[in-house]
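The lines below spell out each chain.
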Amino acid sequence: METKVLNITCINCPVGCRMNVTVEGDNVVDIKDYACPRGVKYAKQEAVAPLRMVTAVTKVEGSDIPLSIKTAEPIPKNKISDCMIAIRCLALSSPIKAGEVVLANVCDTGVDIIATKSV
Amino acid sequence: MLEKHVDILIIGGGPAGLAAAIGAKEQGVDDILVIEREDSLGGILGQCIHNGFGLHRFKVEMTGPEYAQMDIDKVRELGIPTLCDTMVLSVDENRRVVAINKEQGLMVFNAGAVILAMGCRERPFGALGIAGTRCSGIFSAGTAQKYVNLMGFIPGKKVFILGSGDIGLIMARRMTLQGSEVLGVAEIMPYSSGLNRNIVQCLDDYGIPLYLKHTVIEVRGKERLEGVTIAEVDDMRKPIPGTEKHFDCDTLLLSVGLIPENELSQGANVEMSNTTSGPIVDDEFQTSKAGIFACGNVLHVHDLVDFVSDESMKAGKAAANFINKKTKKGTIINMLDGKGVRGVVPQKLKIPVDGEDAENVQVMFRPDKVYENARVKVYNGDNEIYSVKKRILAPGEMADIILKKDIIQNLQNAPIRVDIES
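Every chain is numbered independently, its residues counted from 1 as its sequence is written. Here every chain gets a letter starting at A, and every ligand a number starting at 1, in the order they are written. Reporting in this predicted model follows two pLDDT cut-offs: at least 70 for local features of residues, and 80 or more for side-chain atom pairs to be given and counted; totals over whole chains, interfaces and linings ignore these cut-offs and use all residues. The basis for the side-chain values is all heavy atoms of the structure; hydrogens and waters are excluded.

1. Concerning the overall build of chain B
Going by this rule: In this text, helices come from DSSP runs of H or I with a minimum length of four residues, and strands from runs of E with a minimum of two, each type numbered from the N-terminal end. Radius of gyration here uses only the C-alpha atoms, and the compact-globule reference equals 2.2 Å multiplied by the residue count raised to the power 0.38. Partly exposed residues are those whose accessible area sits between 20% and 50% of the maximum for their type, while under 20% is buried and over 50% is exposed, using a 1.4 Å probe and protein chains only. Working definition of accessibility: Shrake-Rupley area with a 1.4 Å probe, residue cover restricted to the visible protein chains.
Each helix and strand counted, chain B has 9 helices and 28 strands in total. Relative to the 2.2 N^0.38 estimate, which gives 22 Å for 422 residues, the radius of gyration of chain B is 22 Å and therefore close to what a compact globule would have. Once the C-alpha set of chain B is aligned to its principal axes, its extents read approximately 65 × 60 × 40 Å. Burial status across chain B gives 55% buried among its 422 residues. In the form shown here, chain B has an accessible surface area of approximately 17,900 Å², with 49% of it arising from carbon and sulfur atoms.

2. Overview of the sheet that holds strand E16 (residues 225-232) of chain B
Residues and elements named next belong to chain B. To keep things clear, this is the line we draw: The rule for pairing is simple: two strands pair if DSSP sees at least two bridges between them.
Reading across from one edge, E10-E15-E16-E17 is the order of the 4 strands in this open sheet, with mixed pairing throughout. Each edge of the sheet is formed by a strand with only one pairing partner; in this case those strands are strand E10 (131-132) and strand E17 (245-248). Inspection of the sheet shows E16 paired to E17 by 4 bridges, in the antiparallel sense. Along E17, the bridge assignment pairs Gly227 with Asp248.

3. Here's the deal with the confidence of the model for chain B
Any residue range with low pLDDT should be treated as having predicted coordinates unsuitable for detailed reading. Here is the rule: Per-residue confidence from the predictor is reported as pLDDT, which spans 0 to 100.
Scored by pLDDT, chain B comes out at a mean of 95, with 100% of its residues at no less than 70. Reported confidence for the predicted complex is 0.90 by ipTM and 0.94 by pTM.

4. Notes on the interface of chain A and chain B
What counts is decided by this rule: What makes two residues a contact is simply this: any of their non-hydrogen atoms within 4.5 Å. Buried surface area refers to the total accessible area, computed with a probe of radius 1.4 Å, that the two partners give up upon joining, counted for both partners together. Any Lys or Arg side-chain nitrogen located within 4 Å of an Asp or Glu carboxyl oxygen qualifies as a salt bridge. In protein, a polar contact requires one atom able to donate a hydrogen and another able to accept it; more generally it is a pair of N or O atoms within 3.5 Å, and residues adjacent in sequence count only if both atoms are side-chain atoms.
Taken together, the contact pairs 24 residues of chain A with 25 residues of chain B. When the two sides are added together, the surface that chain A and chain B hide from each other amounts to roughly 2,100 Å², 57% of it contributed by carbon and sulfur. Lys70 of chain A is the salt-bridge partner of Glu66 of chain B, the closest N and O atoms lying 3.0 Å from each other. The tally of links from chain A across to chain B stands at 5 residue pairs in polar contact (both at pLDDT 80 or more). Counting residues per element, the ones that place at least two in the side of chain A that touches chain B are strand E5 (55-58), strand E7 (67-71) and helix H2 (80-88) of chain A.

5. A few points about helix H8 (residues 305-323) of chain B
Residues three or four positions apart in an α-helix share a direction because the helix packs 3.6 residues into each turn. Residues and elements named next belong to chain B. Using the following cut-off: Residue count minus one, scaled by 1.5 Å, sets the expected span of a helix.
Helix length check: H8, at 19 residues, gives a terminal C-alpha distance of 27 Å against a target of 27 Å (1.5 Å per residue), a fit within 8%. Counting buried positions along H8 yields 14 of 19 residues, so the element is predominantly enclosed. Looking one or two residues past H8, Lys325 carries a phi angle of roughly 55°, positive in sign.

6. Observations regarding H2 of chain A
Stated precisely, the cut-off is as follows: The arc in question is formed by the directions pointing from the helix axis toward the C-beta atoms.
Within H2 of chain A, the full set of buried residues consists of Ile80, Cys83, Met84 and Ile87 of chain A. The arc that holds the buried residues of H2 of chain A, viewed along the axis, is 100°, so those residues lie on one side. The inward-facing, buried residues of H2 of chain A abut strand E4 (51-52), E5, E7, strand E8 (75-76) and strand E11 (113-115) of chain A together with helix H5 (166-177) of chain B.

7. Quick notes on a nonpolar patch on the surface
The condition is simple: Each patch is assembled from residues with relative accessible area greater than 30% and no salt bridge, linking like charges that lie within 9 Å and nonpolar side chains (Val, Leu, Ile, Met, Phe, Trp, Tyr) that lie within 5 Å.
Together, Met1, Met87, Leu89, Ile100 and Leu106 of chain B make up a nonpolar patch on the protein surface, roughly 460 Å² of accessible area in all. For Leu106 of chain B, the position within the fold is in strand E8 (residues 105-116).

8. Re a negative patch on the surface
We count it as follows: Positive charges are assigned to Lys and Arg, negative charges to Asp and Glu, while His and the chain termini are left out of the count. Positions of charges follow a simple convention, taking NZ of Lys, CZ of Arg, CG of Asp or CD of Glu.
Together, Glu38, Asp39, Asp85 and Glu103 of chain B make up a negatively charged patch on the protein surface. Position of Glu38 of chain B relative to the elements: it lies in the loop between strand E2 (32-35) and strand E3 (51-53).

9. Considerations on the nonpolar core
Note the cut-off: In plain words, nonpolar cores are sets of buried Ala, Val, Leu, Ile, Met, Phe, Trp, Tyr and Cys residues tied together by side-chain atoms within 4.5 Å.
By size, the foremost hydrophobic cluster in this structure holds 62 residues, and its most contacted members are Ile8, Leu9, Ile10, Ile11 and Phe109 of chain B. In terms of nonpolar packing, the next biggest core, distinct from the first, is built from 23 residues, Val341, Phe365, Ala399 and Leu403 of chain B among them.

10. As for the pairing of E5 of chain A
As a general feature of sheets, a regular strand has side chains that alternate between the two faces. Residue and element names in this part refer to chain A. Residues Thr55 and Val57 line one face of E5 and the alternating positions Ala56 and Thr58 line the opposite face, and both faces are buried. With 4 bridges connecting them, E5 and E7 associate as antiparallel partners. Each residue of the ladder has a partner; that of Val57, found in E7, is Ser68.

11. Description of the environment of Ile170 of chain B
Residues and elements named next belong to chain B. Here Ile170 is to be found in helix H5. For Ile170, a relative accessible area of 5% translates into the label buried. Not counting chain neighbours up to four residues away, the residues in contact with Ile170 comprise His50, Gln145, Asn198 and Cys202.

12. Thoughts on the pattern of salt bridges
For the coordinates displayed, the defined rule picks out 24 salt bridges over all chains. Here Asp205 of chain B makes a salt bridge to Lys77 of chain A, at a shortest N to O gap of 3.2 Å. Of this pair, Asp205 of chain B sits in the loop between helix H6 (196-203) and strand E14 (210-212) while Lys77 of chain A sits in the loop between E8 and H2, placing the two residues on different chains. When its relative accessible area of 29% is taken as the criterion, Lys77 of chain A is described as partly exposed.

13. Some points on the packing of aromatic side chains
All names here are of chain B. Operational definition: Planes of paired rings set the category: under 30 degrees apart is stacked, over 60 is edge-to-face and the rest tilted, where pairs are Phe, Tyr or Trp rings (Trp by its six-membered ring) whose centres lie within 6.5 Å.
In the structure shown here, the tally under the stated rule is 6 aromatic pairs over all chains. Here Phe58 and Tyr67 contribute two aromatic rings whose centre-to-centre distance is 5.5 Å and whose plane-to-plane angle is 70°, an arrangement assigned as edge-to-face. Its relative accessible area of 0% is what places Tyr67 among the buried residues. Measuring from centroid to centroid gives 6.0 Å for Phe293 and Phe322, while their planes differ by 75°, and the two rings are edge-to-face. Of the two residues, Phe293 sits in strand E20 (residues 292-294) while Phe322 sits in helix H8, which places them 29 residues apart along the sequence.

Right under this line is the structure:
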């Protein structure tokens, strides 16, 4: 199985430990250079399946201001650009309420995109 | 012309002003007015569409508009009057506030207490003294953020960013996701002033290089920006000849610091601090002028809105106590920046007099550089009254310590000094 060593900077606190994480396939086999358990937890997720929240704005027919939106949960990092393309294809019209789903199951991630304000 | 009394007048309807209003109302004052110059409440949060707000205060991560809405809803629920689209022109030391708007014209409020909650603004290009032409295409990061997130247009296609403050990092990602190319970020210091998570999630994720110890030394372009030159700097922050790099770009964003917006405070003759650029306050957030309070980014620039809200709630509560004649009467002592410490807030503290209950006091400050495994020590005169170990202290994150009420109760009449010992 292929073994890779990844450099991952922990985002939990200002120390920003630069960890060396050894991965075999989809398994984390070793983590070095961390200062606390939060780093281990973060590295395990980040090395195998990094997740990110995506926030953006989109045009809404009938509103002078763009609508701010977000993924309801973090989505896989490698889906961010597909997600942005899907957002660009949205054609919404007002009124929209904060919390309303504007796009269900974006890019088959199982995560909805929701409005973060009302327009 | 309208002239009326109001118990508590709050200048600014952003996170600080809203939290102050909630704090004052919950402490039993009903006659409150929040004045906001924009046409809606919420302040800068409205354009901060990214997430990461509210973790400390609400234990969930929200976007800026969602965080703002929590406070706006609360203010509405409590029935606190607000006046948007209204500009405060002046405040004087007798708490006479002059304001103006299009419907009511000029208004004068005689306030029982005033809470300054005007926030801060970005350091502009003109303050940097960068050589070159004065072409279009140079924006503060916050201006670009407003264009993209509130007005729906993109300020440029090829972007360079000077300064690694959080707004600059956030905008690097924002511009990339909206289809612009971000060529790099230059930071004059050897460390970023932004949060780690923003370096990782806004720069590293998109392969945007961060040039530490670099600054922009020249901008060029006739009508529109055509490019920038950056150079490495030495320990004195002077550019090193021969290290220049050129970037062709149509846009330069600046994220080079925030400055508390205190023109109104100065008009009221409140004593100002040279280190925080905000008013000098005591542990009840009262300025040197009785009945004038300050909180949020107008007092000192925060990194997280959660801490702005906490501080402002306390200021609102203290203003309500002032109205109800419950302000503390104790002897005032000074709080001083010691070794490695900049911008201690509050700068003054009252030693409780007999019969007054002491309360815990949160002391906030910034370290002057990065410290690992350092100790923060607090002295009252020559006596060490508090000491705590800090795993990491960085200028990019405001540090705080809590002086417990038993310490406050036993203070001697001598200045307090906060030191960092590495």
